[in-house]
Amino acid sequence: MPEPRQEPHEPERAVAGTGMGGTMDLGTSEAATLEQPPGPDGTNPQERPRSLWTDAWHDLRRNPVFIISALVILFLVVISLWPSLIVSGSPLKCDLAKAQEGSQPGHPFGFNGQGCDVYTRTVYGARTSVAVGILATLGVALLGSVLGGLAGFFGGAGDAVLSRITDVFFAIPVVLGGLVLLSVITSNTVWPVIGFIVLLGWPQISRIARGSVITAKQNDYVQAARALGASNSRLLLRHIAPNAIAPVIVVATIALGTYISLEATLSFLGVGLKPPSVSWGIDISAAAPYVRNAPHALLWPSGALALTVLAFIMLGDAVRDALDPKLR
């Protein structure tokens, strides 16, 4: 009995069903394409998966909230660095003869109670608020991330001590602490205010960083790196920090707007920045007694402060939505 004829084996060919009872001869790559159809977004499933940061940037570029808030913040940063682009006068130049006068040609926001141009002072006030917000946020994020990350990674007595210290700082009212600490400082620079915000702001970031590091160090890739002999510094810098930093960035971005409003509050109460420094809080405090006769002097710095804080909070919300996998 003759043996059945066997077809020669061709590793580069494959057979796939046509869906109508027949078959068709395909190449291996073509067969793989049929077995793995494109995803719902049209991407090729064989492509290398995107990282968390690439995925987040992909979402942020399509988020109108992020685009609008980023444009507002970019404008604020530009006028903070180069206020002379949109103003020509000095914020300290005042004329008592024009006190509380309204809008005039060349002075669209009118004058305050001391005869200073409200438009010029509002533009220059952005420099102080943006500088305090950005520098304080960097200090808080750096200090809180380092302390919280080390405590979460090593644990033990250091973690317990840090937890009790943060509990003490959480019990201090922020405004009351500012009234007590800043009232004895006579400097007119932004550094005492920044130092105070960093001093009372780092515990929040520390708690976030500690929890994120504790979660990240339990992952399999960290255990595998430890089994291969990776040092503690390599584990922290190469494996844990890149995967634990996202919550810190989200909280710090949202807190930036809070720090700007805190600086304005302290300046309004007279313990933050002091004249002749230019600040929205100082201008709001000076305009409050004349709100009935010259409401414009209070309206414009208050509106600029509210818009700035809202822009940073919206930016933080957009970043949170992009970096949180649970919201996808």
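Check the entry above for the structure.
Residues numbered from 1 in each chain as written. Predicted model: local features only at pLDDT ≥ 70, side-chain atom pairs only at ≥ 80, totals over all residues. Heavy atoms only, no water.

Colleague: Go over a nonpolar patch on the surface with me, naming the residues and quoting the values.
Modeller: A grouping of Val174, Val175, Leu176, Leu179, Val180, Leu181, Leu199, Phe268 and Leu269 is seen on the molecular surface, where their side chains present a nonpolar patch of about 710 Å² in accessible area. Here the element with the most residues in the nonpolar patch is helix H6 (residues 174-182); it accounts for 6 residues. The topology assignment puts Leu269 in the loop between helix H9 (232-268) and helix H10 (280-287). By relative accessible area, which is 42% here, Leu269 ends up partly exposed. (Patch = residues over 30% accessible without salt bridge, like charges linked within 9 Å, V, L, I, M, F, W, Y side chains within 5 Å. Areas by Shrake-Rupley, 256 points an atom, 1.4 Å probe, with all protein chains shown as cover. Salt bridge = Lys/Arg side-chain N within 4 Å of Asp/Glu carboxyl O. Helix = DSSP H or I, 4+ residues; strand = E, 2+ residues; numbered from the N terminus. Buried < 20%, exposed > 50% of the residue type's maximum accessible area, 1.4 Å probe, protein only.)

Colleague: Provide a residue-level description of the pattern of salt bridges, including the pertinent values.
Modeller: Under the defined criterion, the tally for this structure stands at 6 salt bridges. Close ionic contact of Asp159 with Arg210 constitutes a salt bridge, the shortest N to O distance being 2.6 Å. Highlighted residues: Asp159 in helix H5 (residues 156-170) and Arg210 in helix H7 (residues 191-216), separated in sequence by 51 residues. Here Asp159 falls in the buried class, since its relative accessible area comes to 11%. In this structure, the salt-bridge partner of Arg164 is Asp167, at a minimum N-O distance of 3.1 Å. Here Arg164 and its partner Asp167 are both found in helix H5, 3 residues apart, which amounts to about one turn of the helix. For Asp167, a relative accessible area of 34% translates into the label partly exposed. Linked by salt bridges that have partners in common, Arg164, Asp167 and Arg207 make up one network.

Colleague: Outline unusual backbone geometry, supporting the account with residue identities and numerical values.
Modeller: In this structure, Pro276 follows Pro275 across a cis peptide bond, with omega equal to 10°. Residue position: Pro276 is located in the loop between H9 and H10. If you check the backbone angles, Gln100 has positive phi at about 65° while not being a glycine. Topologically, Gln100 is positioned in the loop between helix H3 (64-81) and helix H4 (118-154).

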